[in-house]
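# Structural features, examined
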Amino acid sequence: MDEPSMPTPPAHSPGPPAPPIPLTELLASKDLGLRRIAGPADADLLWVHTSEMADPYPYLLGGELLLSAGVLLTDPDHYVARLVEAGAAALGFGVRPVYEAVPEALIEACDRYGLPLLEVPPETPFTAIARAVWRLMAEARHRELRRVTRAQQALATAAARPDPVPAVLHQLAAQLSGRAVLLTGRGEEVHAAGRRPPPEAAAALTRLARVVARERPGSPASATDTHAGTHLAAYALGGGEGLALALATRRREAGDHTVAGIAVVLLSLLAAPHQGADAADRSAALVRLLLGAKPAEVAPLLGSPGPWTVIHARRSDGTTADALTAGALGASLGSALVDAGREGDDTVRVLLPSTAGEATREAVGGKAPARREVTPQPGGEEPPTPPQAPAVTPQPGWTLGVSTPTPLAALDSADLRAARALAHAEATRAPLTVDTPVTGLAAMIPPAQAAAHARTLLAPLTPPLADTLRCWLSLHGSWDRTAVALAVHRNTVRQRIGRCAVLLGVDLNDMDVRTELWFALRQE
């Protein structure tokens, strides 16, 4: 008569909602009196199960500490082989009342198959062992939650730094005690932190990252592997940029996957802060410009018909910002229109939409905008309210220069004013300088007449001399600060200012002369 077929346990059973418990921790509980008498010392316990069946294989999920008194034990070799095949983590054998001692054949079988065998003394009930395992699991779960909470706080703090992407990777590498790398779909390293793994493991990690970074249907969101004792993991970042987070650690601990998941979310937001419809509109605007459309026609696709504010920014520590760091700055300022810098220029440029007549605070200090004198117009009409700059605030780790709101047709001049504001901010060591619009008495002169007067007055000066004079006057005649702002030697500044005085035929120590020149220079 044939034996009935037994159901096969699932190959990948879901684990419990608690981290596994090392067998060594259970053996360290002296009150249980457990003693390992066969098999290896290393094992992870996921469950506790008691069974006196001759073959408990169909009812095991894998990872169990199986407790038995051997009531139906007849063939120790077959019994242990079936436990190992089912994935049991260890066997606890209780002596008495069935056996006075653990059968020698069972000990030999456990040694042969590599299954840890524990001797359970008569005074230790199986329920006490189960209770001890669940207590250890609860403690491990509590430790894991505390670790994940601390890691989440540390990663969030890193994401708020001026260089958020490298900072998050450094913090992640520290939390996991391993290597964290941001890679492109082609395997190119964007940023990395932590101790570099051996070359073979690093190559395997790059190959694993390519698997998840492929932009095609069916690509997995994550993948894991092990190479020469190094645990490897790769996660695809959201946003469709083809980036992947790759991790290499010497050991894998409870909570590692959760911590990595937090980092994936943060890096996805930082690496691609603006996606979806906004990105489609920006692409459409670029295509139309390349095909001959005027800036005014494509401006609505960029979020606003205008006016626009130009922001120039440089890292306060003198380092060059990469594209991801520049993008994070743009996200902090509220714009996805970011130029991460040109060759030989470490300035980041941000184009920020603003609203005409918007009541905003001053960029520094949070004060209300200064009052503006209104000049009566012909017919009794009041002049239109000039556009107010968006409430740009200082950004940690950055020095900013901000232009006044400008129509699309004059963005080139706004770009120049933002560059001057940045130079002024760096010279005065201020985190932010805003190029203020012409107001007061100067605003009462018709712009066309003011521009004509400025061209006539400044005609003898070359552009470099005019720029030097403007910067020198804006810094109240400070040689040192002007030299810093223009990145030249202070003697060069003195020579240029002296040349300006000669060409203009004026005394630059005269306040009236300085005032008239400043008025003229402000018209450019």
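Along each chain, the written sequence defines residue order, and numbers are assigned to residues from 1. Given that this is a predicted model, residues contribute local features only at a pLDDT of at least 70 and side-chain atom pairs are listed and counted only at 80 or more, while totals for whole chains, interfaces and linings are drawn from all residues. By convention in this description, side-chain values take in all heavy atoms of the structure and omit both hydrogens and water.

## Here's the deal with the pairing of strand β8 (residues 178-183)
Remark: exposure states derive from per-residue accessible area (1.4 Å probe, protein chains only) relative to the maximum for the residue type, with buried under 20%, exposed over 50%, and partly exposed in between. Every helix listed is a DSSP run of H or I at least four residues long, and every strand listed is a run of E at least two residues long, numbered separately from the N terminus. For β8, the tally of buried residues reaches six of six residues, placing the bulk of the element in the interior. Pairing between strands is defined by DSSP: at least two bridges between the two strands are required. By the bridge criterion, six bridges tie β8 to strand β12 (residues 244-249) in an arrangement that is antiparallel. The residue bridging V181 from the neighbouring strand is A246, located in β12. Two elements, β8 and strand β9 (residues 189-193), share four bridges in a ladder whose sense is antiparallel. If you follow L182 over to β9, its bridge partner there is H191. Taken together, β8 and the strand that follows it, β9, pair antiparallel across an intervening segment of five residues, in which G187 is found at a positive phi of about 85°.

## Notes on the nonpolar core
In terms of nonpolar packing, the biggest core is built from 32 residues, with L155, V168, L169, L172, L245 and L247 touching the most fellow members. When contributions to this core are tallied by element, the ones reaching two or more residues are α4 (126-159), α5 (164-176), β8, β11 (230-236), β12, α7 (256-271) and α10 (323-333). A per-element tally of this core places α7 first, with nine residues. Note on contacts: a residue pair is in contact if any heavy atoms of the two residues lie within 4.5 Å. Other than its neighbours up to four places away in sequence, L245 contacts L169, L172, V181, A233, A234, Y235, L237, A260, A263, V264 and L267. Within this scheme, the nonpolar core is defined by two criteria: the residues are buried Ala, Val, Leu, Ile, Met, Phe, Trp, Tyr or Cys, and they are joined through side-chain atoms within 4.5 Å. Counting 22 residues, the second largest nonpolar core, distinct from the first, contains A43, L45, A90 and A128.

## Here we look at the sheet that holds strand β7 (residues 117-120)
Read from one edge of the open sheet, five strands run β2-β7-β6-β5-β4, paired in mixed fashion. Single-partner strands in this sheet number two, and they are β2 (35-38) and β4 (47-50). Geometrically, the sheet is characterised by an average inter-axis angle of 30° between neighbouring strands, direction not taken into account. With four bridges joining them, strand β5 (residues 64-68) and strand β6 (residues 90-94) adopt parallel strand pairing. Looking at β6, one finds that L67 is bridged to G92. All axes are obtained by fitting lines to C-alpha atoms, using only the stretch in contact for helices, and the reported angles, taken between N-to-C directions, cover 0 to 180 degrees.

## Quick look at the environment of G330
Tracing the backbone through its elements, the reader meets G330 in helix α10. For the pair G330 and I311, spaced 19 residues apart in the sequence, the C-alpha separation amounts to 9.8 Å. In contact with G330, not counting residues within four places along its chain, are S335 and V338.

## What to know about the packing of helix α11 (residues 411-428) against helix α14 (residues 479-486)
Packed helices, taken two at a time, are described by their axes: the angle between them and the distance between them. In contact at an axis separation of 8 Å, α11 and α14 are set at 130° when each is read in the N-to-C sense. One way to sum up the angle between α11 and α14 is to call them oblique. Viewed along their axes, α11 and α14 form a crossing whose handedness is right-handed. Side by side, α11 and α14 meet where A423, E426, A427 and T428 of the first sit next to R481, V484 and A485 of the second. Any angle from 65 to 115 degrees is called roughly perpendicular, while one under 35 is roughly parallel, one over 145 is roughly antiparallel, and all others are oblique. Crossings are sorted by hand: turned counterclockwise from the far helix by less than a right angle, the near helix makes the crossing left-handed, and turned clockwise it makes it right-handed.

## Concerning the packing of helix α13 (residues 463-474) against α14
At their nearest, the axes of α13 and α14 sit 9 Å apart, and the two run at 130° to each other. In terms of their interaxial angle, α13 and α14 are classed as oblique. Along this stretch, α13 crosses α14, giving a crossing that reads as right-handed. In contact with T468, C471 and W472 of α13, α14 contributes W479, T482, A485 and L486. Within the contact of α13 with α14, the residues separate by chemical class into five nonpolar, two polar and no charged. Residues are grouped as follows: Ala, Val, Leu, Ile, Met, Phe, Trp, Tyr, Cys and Pro are nonpolar; Asp, Glu, Lys and Arg are charged; all remaining types, including Gly, are polar.

## A closer look at the side chain of S474
Here S474 lies in helix α13. Within polar-contact distance, the side chain of S474 engages the backbone oxygen of C471 at 2.8 Å. Contacts of S474, omitting those with residues within four sequence positions, involve H424 and W518. For this analysis, a polar contact is any N or O atom pair within 3.5 Å, provided that within protein one partner can donate a hydrogen and the other can accept it, and provided that sequence-adjacent residues contribute only side-chain to side-chain pairs.

## Regarding the sheet that holds strand β15 (residues 348-353)
Sheet strands pair via backbone hydrogen bonds, and the direction of the pair is either parallel or antiparallel. Strand order in the open sheet made by the five strands is β14-β15-β13-β16-β17, with mixed pairing throughout. Only two strands of the sheet have a single neighbouring strand rather than two, namely β14 (338-339) and β17 (432-434). Bridge count between strand β13 (residues 308-315) and strand β16 (residues 398-402): five bridges; the pairing is antiparallel. Following the sheet pairing, R314 is matched in β16 by T399. Lying on the sheet, α11 is in contact with β13, β15, β16 and β17; it crosses β13 at an angle near 35°.

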